[in-house]
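# An overview of the molecular structure
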Amino acid sequence: MSSDFAIDLSAHEMLRRAHVLDALGSDWDPGEALRGEQEAYALLYSGLDDGQQRVYDELVAAGVLPPRGDGHAAP
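An account of the accompanying structure is given in this report. (Residues numbered from 1 in each chain as written. Predicted model: local features only at pLDDT ≥ 70, side-chain atom pairs only at ≥ 80, totals over all residues. Heavy atoms only, no water.)

### Concerning a nonpolar patch on the surface
Together, Val20, Leu21, Leu24 and Trp28 make up an exposed nonpolar region whose accessible area comes to about 360 Å². The topology assignment puts Leu24 in helix α1 (residues 10-24). Since its relative accessible area comes to 36%, Leu24 is described here as partly exposed. (Patch = residues over 30% accessible without salt bridge, like charges linked within 9 Å, V, L, I, M, F, W, Y side chains within 5 Å. Areas by Shrake-Rupley, 256 points an atom, 1.4 Å probe, with all protein chains shown as cover. Salt bridge = Lys/Arg side-chain N within 4 Å of Asp/Glu carboxyl O. Helix = DSSP H or I, 4+ residues; strand = E, 2+ residues; numbered from the N terminus. Buried < 20%, exposed > 50% of the residue type's maximum accessible area, 1.4 Å probe, protein only.)

### Let's talk about the packing of aromatic side chains
The tally for this structure, following the rule as stated, stands at 2 aromatic pairs. A centroid spacing of 5.0 Å and a plane angle of 50° characterise the contact between Tyr45 and Tyr56, whose relative ring orientation is tilted. A residue pair is termed long-range when its members are at least 10 positions apart, and Tyr45 in the loop between α2 (30-44) and α3 (50-61) and Tyr56 in helix α3 qualify at 11 residues. One exposure class covers both Tyr45 and Tyr56, and it is buried. In textbook terms, an aromatic cluster arises when at least three aromatic residues are bridged by ring pairs, as seen for Tyr41, Tyr45 and Tyr56. (Phe/Tyr/Trp six-rings, centres within 6.5 Å; stacked < 30°, edge-to-face > 60°.)

### Quick word on the pattern of salt bridges
Counted under the stated rule, the structure contains 3 salt bridges. The partner of Arg17 in a salt bridge is Glu13, and the shortest N-O contact between them spans 2.9 Å. Taken together, the positions of Arg17 and Glu13, both in helix α1 and 4 residues apart, correspond to about one turn of that helix. Taken together, the salt bridges that share partners define one network made up of Glu13, Arg16 and Arg17.

Okay, structure coming up:
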């Protein structure tokens, strides 16, 4: 004999999202947050030496890292 067991967490998920947005505050700008993340990513992969650039390019080619611009790290 088997029985089905299900829990609907959709109400809890909506409450969780409301708490997250409340914690972020009314001045949170998702566009600005994304731009900041993109700038940090560009800075992280900037100034690579030849060996590091080669490894970076291999990781992009393998799909481990997402491509950026022309496929090379920022200068």
